[in-house]
Amino acid sequence: MVKPIHRRVIVKLSGEALAGSEGSGIHQATIERVAADLVAAQALGAAIGVVVGGGNIFRGVEVSSRGVSRQTGDMMGMLATVMNGLALEAAIERKGAQARTLSALSVPQVCESYSCQRARKHLAKGRIVVLSGGTGSPHFTTDTTAVLRACELECDAVLKATNVDGVYSADPKRDPAARRYDRLSHQEAIEKDLKVMDATAFALARENRMPIIVFSIGEPGAIERVLSGKGHSTIVGE
Ligand code: UDP
């Protein structure tokens, strides 16, 4: 029986990870695959919180050219993450596991509001907790949210799902000379301005000594493999 390498984690899923090859919106086959992977990862014995992004539907920065303020745009972006969260919760439950969506923006007709206590309670009951609504404040990202929630919920690591199998010195899809890192410190990630997460997220992780494991979500079972200590990934941490 394989044991998970971490007992409690936050998985960060960008909106893009739910869009599949479509590039936007929610791709049904993709969300089913990701949900099955989360359920298999939990079955290893790990407690799992998932922070969902919203970029497949809306990003706050996109509105400045449309005469909408950044604050309003960011609220729209956070609401987009709630939509992704609800879709993911339903997909997880279709796989036979229990899930609850919590939102940092209060939308009580839609789902429970986030509090640390409530998230802990659901995790203790063996539910996968889907954390939506970002931080609830504009000018942040869901990457920063993932690190924040990992610290609050006393997780062992953030599992950051991306399109590539780790952190590279440049975009490996554009630059064949890009170098892949097996491991690097938070400080190095900030100094090298590596685009895998924003600097606020890396700084918060550095202050709290929170490791970030960067891996590709492209193949079925990717999350389960990372939690089993297999597969390709880059560890950002001291
Ligand atoms: N957002 C925000 N505050 C937060 C988290 C997210 O205002 O704490 C907004 C912001 O507009 C962002 C959008 O929600 O562009 C979607 O989040 P993000 O870009 O992080 O999603 P991802 O790139 O992971 O899909």
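These numbers come from a predicted model, not from an experiment.

Asks: How would you summarise the packing of aromatic side chains if you had to cite specific residues and measurements?
Replies: The geometry of an aromatic ring pair is captured by two quantities: the separation of the ring centres and the angle between the planes. Applying the stated criterion across every chain, the model contains 0 aromatic pairs. Taking NZ or CZ as reference, Arg 149 lies 3.8 Å from the ring centre of Tyr 114, over its face.

Asks: Pulling in residues and values, what's your account of a nonpolar patch on the surface?
Replies: A contiguous nonpolar patch, built from Ile 26, Ile 57 and Met 83 and spanning about 240 Å² of accessible area, is present on the exposed surface. With respect to the helices, strands and loops of the structure, Met 83 is situated in helix α3 (residues 70–94).

Asks: Got a sec to walk through the pairing of strand β6 (residues 157–162)? Specific residues and values, please.
Replies: Burial within β6 is extensive, with 6 of its 6 residues counted as buried. Sheet topology places strand β1 (residues 8–13) next to β6; 4 bridges connect them, and they run parallel. Each residue of the ladder has a partner; that of Lys 12, found in β6, is Lys 160.

Asks: Tell me what's going on with the sheet that holds strand β9 (residues 183–184), and back it up with residues and numbers.
Replies: Spatially, the 9 strands line up as an open sheet ordered β4-β3-β5-β2-β1-β6-β10-β11-β9, and their pairing is mixed. Two strands close off the open sheet at either side, each with one partner strand: β4 (112–113) and β9. Alignment of β1 against strand β2 (residues 47–52), held across 6 bridges, turns out to be parallel. Counted as the bridge partner of Val 9 is Ile 48 from β2. Across the sheet, helix α2 (residues 28–43) is in contact with β1, β2 and β5 (128–132); its angle to β2 comes to roughly 150°. Against the sheet, helix α5 (residues 142–152) engages β1, β2, β5, β6 and β10 (212–216), with an angle of about 175° to β1.

Asks: How would you explain the site of the ligand if you had to name every residue and give the values?
Replies: Close to the ligand lie 21 residues; Gly 15, Asp 74, Thr 135, Ser 137 and Thr 142 are nearest. Within the backbone of Gly 15, one N or O atom sits 2.7 Å away from an oxygen atom of the ligand. Protein chains shield 92% of the accessible area of the ligand, which is 520 Å² for the free molecule. Judged by the proximity of its atoms to the pocket grid, the ligand belongs to the largest pocket. Every element with two or more residues in the shell around the ligand is listed here: α3 and α5. The greatest single-element share of the shell around the ligand, amounting to 3 residues, is contributed by α3. For the shell around the ligand, the class distribution of residues is 4 nonpolar, 14 polar and 3 charged.

Asks: Which residues make up the layout of surface pockets, and what values do they have?
Replies: Empty space within the largest pocket amounts to approximately 1,100 Å³. As for the largest pocket, its lining consists of 50 residues, and the residues nearest its centre are Arg 59, Asp 143, Lys 160, Lys 195 and Val 196. Broken down by secondary-structure element, the contributors of at least two residues to the lining of the largest pocket are α1 (15–19), α3, α5, β6, β7 (167–168), α6 (186–191) and α7 (199–207). In terms of residue class, the lining of the largest pocket is made up of 20 nonpolar, 18 polar and 12 charged.

Asks: Give a detailed account of the state of the cysteines, specifying residues and quantitative values.
Replies: Linking two cysteines covalently through their sulfur atoms gives a disulfide. Summed over all chains, the structure comprises 0 disulfides. Cys 116 carries a free sulfur, and the closest cysteine sulfur to it, the one in Cys 155, is 9.4 Å from it. On the accessibility criterion, Cys 116 (18% relative accessible area) is buried. Summary of cysteine pairing: Cys 155 is not part of a disulfide, and the nearest cysteine sulfur, belonging to Cys 151, is at 8.7 Å. Assessed through its relative accessible area of 8%, Cys 155 is described here as buried.

Asks: Quick rundown of the nonpolar core? Include the residues and the values.
Replies: Residues Leu 13, Leu 38, Ile 48, Leu 88, Ile 92 and Leu 159 are the most contacted members of the largest nonpolar core, which totals 33 residues. With 6 residues, the top contributor of residues to this core is α2. Once you skip the residues sitting within four places of it in the chain, Ile 92 turns out to touch Ala 35, Leu 38, Val 39, Ala 97, Gln 98, Ala 99, Ile 128 and Val 130. With 30 residues, the next largest nonpolar core counts Ile 10, Leu 153, Leu 184 and Met 210 among its residues.

Reading the values: the criteria
- Residues numbered from 1 in each chain as written.
- Predicted model: local features only at pLDDT ≥ 70, side-chain atom pairs only at ≥ 80, totals over all residues.
- Heavy atoms only, no water.
- Phe/Tyr/Trp six-rings, centres within 6.5 Å; stacked < 30°, edge-to-face > 60°.
- Lys NZ or Arg CZ within 6 Å of the ring centre and 35° of its normal.
- Patch = residues over 30% accessible without salt bridge, like charges linked within 9 Å, V, L, I, M, F, W, Y side chains within 5 Å.
- Areas by Shrake-Rupley, 256 points an atom, 1.4 Å probe, with all protein chains shown as cover.
- Salt bridge = Lys/Arg side-chain N within 4 Å of Asp/Glu carboxyl O.
- Helix = DSSP H or I, 4+ residues; strand = E, 2+ residues; numbered from the N terminus.
- Buried < 20%, exposed > 50% of the residue type's maximum accessible area, 1.4 Å probe, protein only.
- Pairing = 2+ DSSP bridges.
- Contact = heavy atoms within 4.5 Å.
- Axes fitted to C-alpha atoms, helices over the stretch in contact; angles between N-to-C directions.
- Near = heavy atom within 4 Å.
- Polar contact = N/O pair within 3.5 Å; in protein donor to acceptor, adjacent residues only side chain to side chain.
- 1 Å grid on protein atoms, 1.4 Å probe; cavity = no way out; pocket = protein on both sides within 12 Å on 5 of 7 lines; lining within 4 Å.
- Sits in = over half its atoms within 2 Å of the grid points.
- Nonpolar A, V, L, I, M, F, W, Y, C, P; charged D, E, K, R; others polar.
- Points joined across faces, edges and corners; volume = space filled by probe spheres on them.
- Disulfide = S-S within 2.5 Å.
- Core = buried A, V, L, I, M, F, W, Y, C linked by side-chain atoms within 4.5 Å.

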